[in-house]
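An overview of the molecular structure
Read off the chains here:
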Amino acid sequence: MSTIRILEPTVANQIAAGEVVERPAAVIKELLENSLDAGARRVTVDFSRGGKARMIVEDDGKGMTGDEALLSLERHATSKIQLAADLDRIATFGFRGEALPSIASVARFTMQTRPASAPSGTEIAVNGGKLVHRRDHGMAPGTRIEVANLFHPVPARLKFLKSDETEAAHIVRLVRLYAIAHPEVGFLLREDGREIFRSPGNAPLLDRVREIWGRQVAEEVTIMPAFERPGMRLSGLLGKPGVSRGTRQDLVTVVNGRPVDSRTMAFALTESYHTLIPKGRYPLAFVFLEMDPAWVDVNVHPAKREVRFRDEAKVRNFLIESVLAVLRARGDEGLPAETVPAVAPVTPLAVDVPSVSGAVPPPGPASAYVPPNSPAPVSPAHAPAVRLGWRLLSRLREERAVFETPTGLAVLDLGAAHQRVLYESILAQFTAHKPVSQPLLVPLSIELEPLPAAVLKERLPLLTSAGFDFEEYGRNFWRIQALPAWLEPEQALAFVRDLLAEMARREGDFGRPSLAYDALAKLAVNKARRKGDSLSDAELMELVQALFRTAQPGTCPRGRRTYVEWTDADLTRRFG
Ligand code: ADP
Ligand code: MG
């Protein structure tokens, strides 16, 4: 006869441990959160062999009395919530009261703790869930927990641990995240007693990033001032245009002091860096979002950091608007402050791109470098009379040129620069109020799949206002009678297909250009490619001028860098 039994507490804890602690970093996470919940001002973390051999978390928080310490090892013992109703307004990290008993059931666990009110502390040792001893222990107020031989009592789980290096990397990343999320707390992370980083309590964010993430990362970011919306506040640091990563490793999002993963936030950040970083790569960012806790759902899987917002679209829009504002402002700032007019007065530049009519552009003095058929200046808001102190030193291979700049030495990628200039010119015309439209002598016809055809119908007013004239003449068959002036007939069909595909992909509408970024970028890249690379020196200087009149001179529309600069300081450093 089978019997139903209540599980022994140790077994129940070991099962729970499977959920709470999947790897050493998860243990550190639970201990760190407890330290922060206990009001610690300083936390020290030390680990050996990726945490498998030993992990220690020590804090100067409020500590526990001997009885409290014993109780904390009972399942569902928590000092943090009492009623189910409390669940709706959790301000602390922990609340389940499962972490300590779970961890103690799968390791050798030693806790030393003392509240400031007690004259001395308590030490409790537990091995594989069994109490080994409890005794008095002299110490300063606070708590120190050591977890050794993780998973030795449950050997089956040892197999799932990765190499020491991998587990160590997880620990380092985790502690970095918590350290960055908690400016008020000083963190010290050590591996076998050797310091990995030390974050000063209460230092400005940029200084903390420098200490915690390293000097290089600190040089790659720019400050994002605070932005506000009713009930929301955003601030942090953002990667400079052109700086990107292959993973989300350095895309740090903190919501109400908690480091979180949020698809919404990651997406919004990546989206904002359109054309500033290559496709498929991620920006660098340290973003802090504060909001009414009632709008955030954190009560998800204990080991996961994924967070959900009640209103995802609102958060996404707020983020995109704020980040774009910072990046736009940076575009201006990208212009060197010291402007030495080393560039000769504007010289003619014959741009050899076939015009719509196929006629050769008129020779002779053009004014500034302007891509074909674009009398309008490139984004007027960013078109100050640039007097850039770049002096051409030499050509480098076919596609590059070397310049002396007011601050050092720069190598320019001609193709990338040209793409940026064309892109912004096309973008400006695409968004212009009254675009120049070019009627076609021979209309183009295009057959579309049902989905793009539906998108075309839906977006017809937008396309018409951009200078297209579409006419439907059969099921999914369309005729194009006129094109915007910046689009050449040979490129039109491919562009329209790209554009419709992109519009189908992007549902959000952050203004017209965001529906067309990729297609416009591709067009610019293709135009630049056909342009050839036989620029005269004067033309080259025009290109540089035009580049620095764009909103984002630092990157091409695909997000690759247009130029690399070595400052005098960099060079001095290189010479050692
Ligand atoms: P939870 O954090 O969900 O409450 P835990 O098992 O992590 O559950 O911790 C149980 C209790 O032990 C906590 O509620 C807290 O009262 C106490 N505790 C744990 N760690 C510390 C610490 N570092 N300092 C003070 N109290 C602690
Ligand atoms: Mg806890």
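Here, the structure is the one placed above.
To keep things clear, this report deals only with the structure shown in the data block.

Describing the overall build of the protein chain
- What the protein chain contains, in helices and strands, is 17 helices and 24 strands.
- A burial count over the protein chain gives 51% of its 576 residues as buried.
- Taking all contacts inside the protein chain whose residues are at least 6 apart in sequence as the whole, residues at least 24 apart take part in 68%.
- When the accessible surface of the protein chain is summed, it comes to about 27,600 Å², and 54% of that surface belongs to carbon and sulfur atoms.

Overview of the pairing of strand β18 (residues 391–396)
- Bridge analysis of β18 against strand β19 (residues 400–405) gives five bridges, and the strand direction is antiparallel. Bridge assignment links R391 to a residue of β19, and that residue is E404.
- Connecting the antiparallel pair β18 and β19 is a turn made up of three residues, with R397 showing a positive phi of about 50°.

Concerning the sheet that holds strand β21 (residues 437–447)
- A sheet is described by the order of its strands in space; here three strands give the open sequence β21-β23-β22, paired in antiparallel fashion. Because the sheet does not close on itself, it has two edges, and the strands there are β21 and β22 (469–474). In this sheet, neighbouring strand axes are inclined to one another by 20° on average, regardless of whether the strands run parallel or antiparallel.
- Of the pairings in the sheet, the one linking β21 to strand β23 (residues 477–484) comprises seven bridges and is antiparallel in character. Following the sheet pairing, I446 is matched in β23 by W478.

Re the packing of helix α6 (residues 164–181) against helix α7 (residues 205–213)
- The N-to-C vectors of α6 and α7 enclose an angle of 165°; their axes lie 10 Å apart at closest approach. Classified by the interaxial angle, the pair formed by α6 and α7 is roughly antiparallel. Judged by the twist between their axes, the crossing of α6 over α7 is right-handed. Together, R173, R176, L177, A179 and I180 of α6 and L205, R208, V209, I212 and W213 of α7 make up the contact between the two elements.
- Its residues assigned to classes, the contact of α6 with α7 comprises seven nonpolar, no polar and three charged.

What about the pairing of strand β8 (residues 194–199)?
- The sheet contact formed by strand β7 (residues 186–191) and β8 spans five bridges and is antiparallel. Residue pairing in the sheet places F187 in a bridge with S199 of β8.
- Where β7 hands over to β8, the hairpin turn is made up of two residues, of which D192 adopts a positive phi near 50°.

A word on the side chain of E539
- You can see E539 is positioned in helix α16 (residues 537–549).
- Looking at E539, its side chain comes within polar contact range of the main-chain nitrogen of S536, at 2.6 Å.

Overview of the side chain of R157
- Within the fold, R157 resides in helix α5 (residues 155–158).
- Notably, R157 is buried but unbridged: the nearest opposite-charge side chain belongs to E22, and the N-O separation is 6.7 Å.

Some points on the pattern of salt bridges
- Summed over all chains, the structure comprises 26 salt bridges.
- Residue E472 is joined to K457 by a salt bridge in which the shortest nitrogen-to-oxygen separation is 3.5 Å. Taken as a pair, E472 in strand β22 and K457 in helix α12 (residues 450–458) lie far apart in primary sequence, 15 residues in all.
- Classification of K457 as partly exposed rests on a relative accessible area of 49%.

Points about the packing of aromatic side chains
- A complete count under the given rule lists eleven aromatic pairs for this structure.
- Aromatic pair W390 and F548: ring centres 5.1 Å apart, planes at 65°, arrangement edge-to-face. Here F548 lies in helix α16 and W390 lies in the loop between α10 (312–333) and β18, a separation of 158 residues in the sequence. The same class applies to W390 as to F548, namely buried.
- Relative to F470, the ring of F468 lies with its centre 5.6 Å away and its plane at 25°, an arrangement referred to as stacked.

What counts and how
- Residues numbered from 1 in each chain as written.
- Chains lettered and ligands numbered in written order.
- Predicted model: local features only at pLDDT ≥ 70, side-chain atom pairs only at ≥ 80, totals over all residues.
- Heavy atoms only, no water.
- Helix = DSSP H or I, 4+ residues; strand = E, 2+ residues; numbered from the N terminus.
- Buried < 20%, exposed > 50% of the residue type's maximum accessible area, 1.4 Å probe, protein only.
- Contact = heavy atoms within 4.5 Å.
- Areas by Shrake-Rupley, 256 points an atom, 1.4 Å probe, with all protein chains shown as cover.
- Pairing = 2+ DSSP bridges.
- Axes fitted to C-alpha atoms, helices over the stretch in contact; angles between N-to-C directions.
- Parallel < 35°, antiparallel > 145°, perpendicular 65-115°, else oblique.
- Left-handed = near helix turned anticlockwise from the far one by under 90°.
- Nonpolar A, V, L, I, M, F, W, Y, C, P; charged D, E, K, R; others polar.
- Polar contact = N/O pair within 3.5 Å; in protein donor to acceptor, adjacent residues only side chain to side chain.
- Lys, Arg positive; Asp, Glu negative; His and termini not counted.
- Salt bridge = Lys/Arg side-chain N within 4 Å of Asp/Glu carboxyl O.
- Phe/Tyr/Trp six-rings, centres within 6.5 Å; stacked < 30°, edge-to-face > 60°.

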